[in-house]
Amino acid sequence: DHWTELMKPLHVAFVWHMHQPYYKDDLTSTYLLPWVRLRSAKDYYKMPALLDGYPKVRATFNLVPSLLAQIEDYAEAYRNSVVVETDDPVEIVTELAALKEKPRLAAHLRRRGRVTARDYLWPKVIGQLMLRIDFAAERQAVSRPPEPAPRKPRRVIRAAVPRR
């Protein structure tokens, strides 16, 4: 019919571009901001996995090299964490047994975990970010506006309420 000839299929491309800056300080092997680790725990796997339920839907997921390098670094077993990619209880128990047999490795992981926890305290993250902003501003000959003077807390005066 006439309308069928006019209505041709519309081809749509779904392209998800996933990126993060390179947050790792290669001199100290620490991460300055936690966003890759946080997003790895939810978005970077979950979004493509959702497509498993829709086999006819096609999509492209583009992960930039700096993001992939950081994900691989986080996933390196026994470096930043214990990574077990299985639902098999035997494999999980085997990994835990390996840690019990190697107390130095377990101690190393605990120390790295504490360092990571200290590195991600919010004041430290903000402090690192402000240092980077100041550095970038200085390189570009831009001055930041002066910080506002700290405000004195207001005193709250309450009327005395007679006790009963």
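Above this text is the structure in question.
Attention in this report is confined to the structure presented alongside it. (Residues numbered from 1 in each chain as written. Predicted model: local features only at pLDDT ≥ 70, side-chain atom pairs only at ≥ 80, totals over all residues. Heavy atoms only, no water.)

Let us look at the overall build of the chain. A tally of helices and strands in the chain yields 7 helices and 4 strands. Tracing the chain from N to C terminus, the helices and strands come up as α-β-β-β-α-α-β-α-α-α-α. Sorting the 164 residues of the chain into buried and exposed places 15% on the buried side. Expressed as a percentage of contacts within the chain between residues at least 6 apart in sequence, the contacts between residues at least 24 apart total 63%. Of the roughly 14400 Å² of accessible surface on the chain, 60% is carried by carbon and sulfur atoms. (Helix = DSSP H or I, 4+ residues; strand = E, 2+ residues; numbered from the N terminus. Buried < 20%, exposed > 50% of the residue type's maximum accessible area, 1.4 Å probe, protein only. Contact = heavy atoms within 4.5 Å. Areas by Shrake-Rupley, 256 points an atom, 1.4 Å probe, with all protein chains shown as cover.)

Mapped onto the elements of the fold, Gln70 is located in helix α4 (residues 65-75). The class of Gln70 is buried, set by a relative accessible area of 0%. Of note is the side chain of Gln70, whose polar atom sits 3.0 Å from the backbone oxygen of Pro21. Within polar-contact distance, the side chain of Gln70 engages the backbone oxygen of Ser66 at 2.9 Å. Ignoring any residue separated from it by four or fewer positions in sequence, one finds Gln70 in contact with Gln20, Pro21, Tyr22, Tyr23, Lys24, Tyr31 and Val36. (Polar contact = N/O pair within 3.5 Å; in protein donor to acceptor, adjacent residues only side chain to side chain.)

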